[in-house]
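Architecture and fold: a report
Each chain, written out:
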Amino acid sequence: MKVLRKINSVPIYEFDGKNEVYSRITLEDFDSEPVYFKSVIKPMLAIGHEGELIVWLKNIGLLQHSQRCNNIIDNVPCQGVMSWVPAKIIDQYQWKCKNCLKKRNIREKSVFQDVRCKFKDIIRLLAGWSKGIDVESLTKLLCIKKQAVNSVFNVAATVADKYIKSHLLRWKLGGPGIVVLIETYPEGFKDYEIQENAQNSTPILCIAEVKEVPTRYWLHLLERFNPNITEQVQQVNTTALQVVQEMVLPGSILVTNFESTICSYEALLSLKHLYPVIITKNGLQRHDHFNQLLNNLETIWATAINVCNEAQYLSHLHVQNFITNFLWRQKFELESFENLLHQMCYNFL
Ligand SMILES: [Zn+2]
């Protein structure tokens, strides 16, 4: 990924499939942004300060704050008060019952329960996820196993996905008189630079709001379908139209292709009661004030196409997480990391 352009000091990241910048990044560079990470987290990553980071994770609520002992003594639960005691183990602390002295892992019942790497790597992985850095680059940068990176990425994407689904309003696009473009990857982007193998890929519904720069998008992973089997096409179309209704505010001006398998002009007409103005891309030429839009379509779609292209490198299992990551960073930009931490605490308290 590389920084495309800066708007109000907010870098817009472009996915280029090679991650040239991040494959060369040093740990020093990595730890110096964003500002929140540098000022709050970095001091706790210094050698000899690891314990501080772990206590901090407990204090902010990412690790359990209190614990009762679940040991069974003579068929009676101990229920003793447990407290943190220093231990010569990787986590530096463990729970110890004041009553029966039984010990427990401090990761239990936390988001990190199934994660197998040091806390300082976990926190860097969460920061890396929030910056949109890929798994390979982080594996190399932190010298850890790919599996550990994937498990932390899964935790992050699960938390982000849960938040997005319960706050969809914050991601909705358009509104009265606002132009909203609708295409499906790869079919709708045949004229642009897309992956050669994309024709066999999972289709992604792409919705773009033409209002501000940078363009805001909603991307939705669709089921694979055979274009020659009518029932399959209908089923995917039904899903896509539901997504449009859910994510595009009423009164928006919809722009689509006359002939596309999914969300064609014809198909969108069924939503005319919500969107009175529906135009085809060719129809734009007839509207003088939309001419500029026609010339800028490739620029407007550039980021979405890059995300879809990058997604082609991933296994099906990881594509949804990748899209969730993009939607999260699009919304929170440089504050993606602290917002992620906040949601993790909120979810697991
Ligand atoms: Zn006990």
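Residues numbered from 1 in each chain as written. Predicted model: local features only at pLDDT ≥ 70, side-chain atom pairs only at ≥ 80, totals over all residues.

**A few points about the overall build of the chain**
Looking only at helices and strands, one finds 13 helices and 12 strands in the chain. If you line up the chain on its principal axes, its C-alpha atoms span 80 × 50 × 35 Å. Per-residue burial over the chain gives 33% buried out of 349 residues. For the chain, contacts bridging at least 24 residues in sequence account for 59% of all contacts bridging at least 6. (Helix = DSSP H or I, 4+ residues; strand = E, 2+ residues; numbered from the N terminus. Buried ≥ 20, exposed ≤ 12 C-beta atoms within 10 Å, placed from the backbone. Contact = placed C-beta atoms within 7 Å.)

**Quick word on helix 5 (residues 119-131)**
It helps to recall that an α-helix has 3.6 residues per turn; residues three or four apart then point in one direction. Over its 13 residues, helix 5 extends 18 Å from the first C-alpha to the last, a length consistent with the 18 Å expected when each residue adds 1.5 Å. Of all 13 residues that make up helix 5, 12 are buried, and the element is covered over most of its length. Listed as buried for helix 5 are Phe119, Asp121, Ile122, Ile123, Arg124, Leu125, Leu126, Ala127, Gly128, Trp129, Ser130 and Lys131. Positive backbone phi, approximately 80 degrees, marks Gly132, located one or two places after helix 5. (Expected span 1.5 Å × (residues − 1).)

**Points about the pairing of strand 10 (residues 216-221)**
With 5 of 6 residues buried, strand 10 lies mostly within the body of the structure. Where strand 9 (residues 204-210) folds back onto strand 10 in an antiparallel hairpin, the turn is made up of 5 residues. (Pairing = 2+ DSSP bridges.)

**Remarks on the domain arrangement of the chain**
Segmentation of the chain into domains returns domain 1 (2-167) and domain 2 (169-313). The gap between the C-alpha centroids of domain 1 and domain 2 is 37 Å. (Domains from an automatic or database assignment.)

**Looking at the environment of Glu266**
Turning to its location among the elements, Glu266 is positioned in helix 9 (residues 265-268). Placed 233 residues apart in sequence, Glu266 and Glu33 show a C-alpha to C-alpha distance of 48 Å.

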